[in-house]
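Below are the chains, spelled out letter by letter.
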Amino acid sequence: MPTSVLFRRPLALRTMQTYLQRQSLATAYTEVRTCQGRSCCSLSKTPSHKVFRHQHSCAAQSAAGLVTEPATAPAASQTQPPAAARRKRVLSGVQPTGTLHLGNYLGAIRNWVNLQELYETYFCVVDLHAITLPHEPKALLESTRKSAATYIACGIDPDKANIFVQSHVSAHAELAWLLSCATPIGWLRKMVQFKEKSQTRGAEEVSTGLLTYPVLMAADILLYQTDVVPVGNDQMQHLELTRDIAERMNTKYGGSKWKKLGGRGGRIFKVPDAFIAPVGARVMSLTEGTSKMSKSAELDASRINLLDDPKLIQQKVKRAKTDTFEGLEFGNPERPEATNLLGIYSLCTGVSMDALLEEVGDMRWGQFKSNLADAIVAHLEPIQQKYYDVIADKTYLDQVLAKGAEEANKTANFTLENCRQAMGFTLKYGDRQ
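Residues numbered from 1 in each chain as written. Predicted model: local features only at pLDDT ≥ 70, side-chain atom pairs only at ≥ 80, totals over all residues. Heavy atoms only, no water.

Here's the deal with the overall build of the protein chain
For clarity, the cut-off: Counting from the N terminus, the helices are the DSSP runs of H or I reaching at least four residues and the strands are the DSSP runs of E reaching at least two. Only protein chains enter the accessibility calculation, which uses a 1.4 Å probe; a residue is then buried when its area is under 20% of its type maximum, exposed when over 50%, and partly exposed in between. It only takes one pair of heavy atoms within 4.5 Å for two residues to be counted as in contact. We get accessible surface area from the Shrake-Rupley algorithm with a probe of 1.4 Å; when it comes to residues, only the shown protein chains can shield them.
When helices and strands are tallied, the protein chain shows 14 helices and ten strands. Counting all 433 residues of the protein chain, 49% fall into the buried class. In the protein chain, the proportion of contacts linking residues at least 24 apart, taken out of those at least 6 apart, comes to 73%. Surface summary for the protein chain: the accessible area is close to 21,800 Å², and the carbon and sulfur share equals 52%.

Right under this line is the structure:
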């Protein structure tokens, strides 16, 4: 996937950094919001790109994303309980294709563990997205359950987060159709991933789903009135499409038009913002430091799968591509492999990059790779043990997914019915209050 993409219209960014602490662990995130009145040409790293950064130093409630309703009740009603605070809402998911790898974990799932402490979270296994390319039904069935078990093994707590399978909430597919009918096909043809995959496979071999799946992704996000979406830079184009679709639907069907049909009026969908982890958001391939670590890559040696045994991990790290420079350094564009491997080591050990370079900066690759392999094995060992415990307890996993789907359906169906009403469909669930 490309490291930078040009959007259909200018996207302005405002970066807000907070430090989330949980059991003495601190993880930095960057919340990217659209700034009214400011713009930039793209997410590229060109000199013309300007990012507006603001240091976030709000109180703990603001850092946690809590939004409290204003106190407007008169004195006579002071006996009534105060309005409940609403946490901001986060949604994310991973396709159950292949085996989840270190990039999925360090770039996404591990960050979710911190988010579940501060946000109302929905984490789904996006199995509907997994069929845009040819697939084996049996493999999809198995990998869907494995992905859900891996979420739990990595630290997602079913008591704090909603874990569910995308296809268990039928509103995803229905809203995707409604949104598709309002989305210009020209928007979809500009999607970089569609262009790349269609050129690789040929027009006759590419499914319609590959063209329209960004609309399904938009439905996934908009159904839950999501405030922020954890994404990597390569997914920003899709999130911007989601924002465009939400704004188009709100303009075309919301406001007074919806109210005249008996609805509450106003906007139908919340326009979501991006949430990007500055470190670990893009873990690269072991065989090519300029390519993202991917489940679909032909070479298994290009990735560390979360369930790889220690011996296999050591072999893959030992054979990882390096360079001929003396010493190790981070951030040198001429040494992408060094930056990638040092980043993985830092994330697996919790050692800051400055401290890490003091420790290993003068090492040769052979010695460093041995240390890196040991660090990865040690970090994945408890995750693997937890995974095997969860996947072996079929009843428990089924209960977790059923509970998550039940909660997800409540929120998703409410949003879907609002959209249906605003578009002029007869409501299925009775009159709105």
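A closer look at the packing of aromatic side chains
Applicable threshold: For Phe, Tyr and Trp, rings pair up if their centres lie within 6.5 Å, where Trp contributes its six-membered ring, and each pair is then called stacked (planes under 30 degrees apart), edge-to-face (over 60) or tilted (otherwise). A ring is considered to have a charge above it if a Lys NZ or an Arg CZ atom is located within 6 Å of its centre and within 35 degrees of its normal.
By the definition in use, this model includes eight aromatic pairs. Taken together, the aromatic side chains of W112, F123 and Y151 make up a single cluster linked through ring pairs. In this structure, R248 packs its charged tip against the face of W187, placed 5.5 Å from the ring centre.

Some thoughts on the nonpolar core
For soluble globular proteins, the rule of thumb is that nonpolar side chains tend to be buried together. Spelled out, the test is: In plain words, nonpolar cores are sets of buried Ala, Val, Leu, Ile, Met, Phe, Trp, Tyr and Cys residues tied together by side-chain atoms within 4.5 Å.
Core analysis: the largest hydrophobic core is formed by 59 residues, its most contacted members being L102, Y151, F368 and I376. If one sorts the elements of this core by residue count, helix α13 (residues 365-392) sits on top with eleven residues. Those residues in contact with L102, other than ones at most four positions away along the chain, are G107, M293, I304, L306, I344, I376 and L380. In this structure, V126, I221, V231 and A422 belong to the second largest nonpolar core, which totals 49 residues.

Examining the side chain of H101
In this structure, H101 sits in the loop between β6 (89-94) and α2 (102-118). H101 sits in the buried class, given a relative accessible area of 2%.

Quick look at the pattern of salt bridges
Rules: One side-chain nitrogen of Lys or Arg within 4 Å of one carboxyl oxygen of Asp or Glu is enough to make a salt bridge.
Per the stated rule, a full pass over the model turns up 17 salt bridges. Linking E407 and K410 is a salt bridge whose minimum nitrogen-to-oxygen distance equals 3.3 Å. Placement of the pair is E407 and K410 together in helix α14 (residues 394-423), with a separation of three residues, close to one helical turn. Residues joined in a network through salt bridges with shared partners are D300, R303, D308 and K316.

Thoughts on the confidence of the model for the protein chain
Under the convention used in this document: Every residue gets a pLDDT, meaning the predictor's confidence in that residue, from 0 to 100.
Averaged over every residue, the pLDDT of the protein chain is 81; residues scoring 70 or more account for 76%. Across residues 1-83 the pLDDT falls below 50, and counting only partners more than four positions away or on other chains, this stretch makes 147 contacts in the model.

Some points on unusual backbone geometry
Positive phi, normally seen in glycine, also occurs at Q225, with a value near 45 degrees. Position of Q225 among the secondary structure elements: in the loop between α7 (208-222) and β9 (228-230). Assessed through its relative accessible area of 18%, Q225 is described here as buried.

Re α2
The cut-off we apply is this: In this analysis, the expected span of each helix is defined as 1.5 Å times one less than the number of residues it contains. Each residue is assigned a bend, namely the angle between axes fitted to the seven residues that terminate at it and the seven residues that start at it.
Between the first and last C-alpha of α2 there are 24 Å, a value that for 17 residues agrees with the 24 Å anticipated at 1.5 Å per step. Of all bends in α2, the biggest is about 30 degrees, found at A108. With 13 of its 17 residues buried, α2 lies for the most part within the structure.

Brief notes about the packing of α2 against α13
The relative placement of two packed helices comes down to the angle between their axes together with the axis-to-axis distance. Note the following rule: Between the N-to-C directions of two axes lies an angle of 0 to 180 degrees, each axis being a line fitted to C-alpha atoms and, for a helix, fitted only over the stretch in contact. When an angle is under 35 degrees it counts as roughly parallel; over 145 it counts as roughly antiparallel; between 65 and 115 it counts as roughly perpendicular; any other value is oblique. Left-handed is the label given to a crossing in which the near helix is rotated counterclockwise from the far helix by less than a right angle, and right-handed is the label when the rotation is clockwise. Charged means Asp, Glu, Lys or Arg here, nonpolar means Ala, Val, Leu, Ile, Met, Phe, Trp, Tyr, Cys or Pro, and polar covers whatever is left, Gly included.
Between α2 and α13, the shortest axis-to-axis distance is 13 Å and the interhelical angle comes to 65 degrees. Taken together, the axis directions place α2 and α13 in an arrangement best described as roughly perpendicular. Crossing of α2 against α13: the hand is left-handed. Two secondary-structure elements touch here, α2 through L102, Y105 and R110 and α13 through I376, H379, L380 and I383. Of the residues contributing to the contact of α2 with α13, the split by class is five nonpolar, one polar and one charged.

Details of the environment of V215
Along the chain, V215 turns up in helix α7. With a relative accessible area of 1%, V215 lands in the buried category. Spatially, the C-alpha atoms of V215 and L179 are 6.7 Å apart, while their sequence positions differ by 36 residues. Residue contacts for V215: discarding those within four places in its chain leaves A176, L179, S180, T183, L188 and I245.

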